[in-house]
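What the coordinates show
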Amino acid sequence: MAYKNPEPKLDEIVEEILEDKGNDYIKSEEVYFAFIDVLGFKKTFDDIRISQKEFEAEKYRDVFNYFFELMNAARFMRRGSDSGCYAGQTSDSLYFYTERIDYLVQFIKIFSHFNLYAMSKDVFFRGGIAKGNLYRKENYQFYGNSVIYAYLLESVVSRNPIIVIDENTNKDLKNDKNYCKEYREMIAEKSGRYYIRPFAFLNREVILEIDRFEKKEIDTEAIVKNIKKNKSLFEYDVKNYEKYNFLLNELNGNNEAKNGIE
């Protein structure tokens, strides 16, 4: 009997999947993949189902619709239709992938604005952005280590409501000529992990490359109210309490930075 490695490498797993699916999947070697999930969606759904209350679907519908309104208005999405660029949704998760670093930069800007709007509606996201390969049949039919890495950043690494960026992606962003001071201000580093600062665009006029679309105003007071409400709600839940405490600390740090306080 031939010995089989009990812990095969990720690339080996992907190649086995490729053999099973046939050769009708096109491989892209370098893709930036973002996987973004609603924080606590399942628990919210289960709590409401158990209590037999009506599920608050409207606020989620509004938030998801705004995401796709923004993405459909983005100039790079129209230019990127034939260059490995796509945004989609599955259940309570959003995803985006592209082969171009400049498109990723524009996506991060749009998401940063969108994330503020979501928090004002009491919807919080966490996620990951990773670089790797991607096998595609249709734009919405794909797999690859970029997907797996992004999912692991979201589900394992990103314990707080932030979007974690892997080292390879961060390196490419820093080396890109379009990664100017504005974009660097959006990225923070803590304990060797890079992430998108959730309040980098708060109370700032940010120009997004979108056409014929008026972006929504951000209700700062609603964001603060929702964070404090959830922090109080989870006072006796250490895991979730720390998530909203983290956001309050980020918010305070963002305000101090704007006032020139170290």
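It should be emphasised that the depicted structure is a prediction, and the values quoted were computed from it without experimental measurement.

For any pair of aromatic rings, geometry is given as the distance between the ring centres together with the angle between the planes. Under the counting rule described, the total for this entry stands at 25 aromatic pairs. Their ring planes at 10° and their centres at 5.0 Å tell us that Tyr135 and Tyr143 sit as a pair that is stacked. Feature note: the residues Phe64, Phe67, Phe68, Phe76, Phe96, Tyr103, Phe107, Phe111, Phe114 and Phe125 constitute an aromatic cluster, connected by ring pairs. Lying over the aromatic face of Tyr66, Lys216 brings its terminal NZ or CZ to 5.4 Å of the ring centre.

Let us now look at the confidence of the model for the protein chain. With 78% of its residues at a pLDDT of at least 70, the protein chain reaches an overall mean of 84. pLDDT under 50 marks residues 1-6. Its contacts with residues more than four places away, or in other chains, come to 0 contacts. Below a pLDDT of 50 lies the segment residues 48-53, which in the model reaches 4 contacts outside its immediate sequence neighbourhood of four places, other chains included.

Bringing the side chain of Arg126 into the picture now. Residue placement: Arg126 occurs in strand β4 (residues 125-138). Within the structure, Arg126 has its side chain in polar contact with the backbone oxygen of Ser158 (distance 3.3 Å).

Turning our eyes to something else, we now look at helix α9 (residues 220-233). Taking 1.5 Å of rise per residue, 14 residues should cover 20 Å, and α9 covers 20 Å from first to last C-alpha, within 8% of that figure. Turning to α9, its buried residues number three or more, namely Ala222, Ile223, Asn226, Ile227 and Asn230. Taken down its axis, α9 places every buried residue within 130° of arc, on the same side. Exposed residues on α9 whose side chains face more than 90 degrees from its buried face are Glu221, Lys225 and Ser232. Its side-chain oxygen 3.2 Å from the backbone nitrogen of Glu221, Asp219 forms the N-cap of α9.

About the criteria used
- Residues numbered from 1 in each chain as written.
- Predicted model: local features only at pLDDT ≥ 70, side-chain atom pairs only at ≥ 80, totals over all residues.
- Heavy atoms only, no water.
- Phe/Tyr/Trp six-rings, centres within 6.5 Å; stacked < 30°, edge-to-face > 60°.
- Lys NZ or Arg CZ within 6 Å of the ring centre and 35° of its normal.
- pLDDT = per-residue confidence, 0-100.
- Contact = heavy atoms within 4.5 Å.
- Helix = DSSP H or I, 4+ residues; strand = E, 2+ residues; numbered from the N terminus.
- Polar contact = N/O pair within 3.5 Å; in protein donor to acceptor, adjacent residues only side chain to side chain.
- Expected span 1.5 Å × (residues − 1).
- Buried < 20%, exposed > 50% of the residue type's maximum accessible area, 1.4 Å probe, protein only.
- Arc of directions from axis to C-beta.

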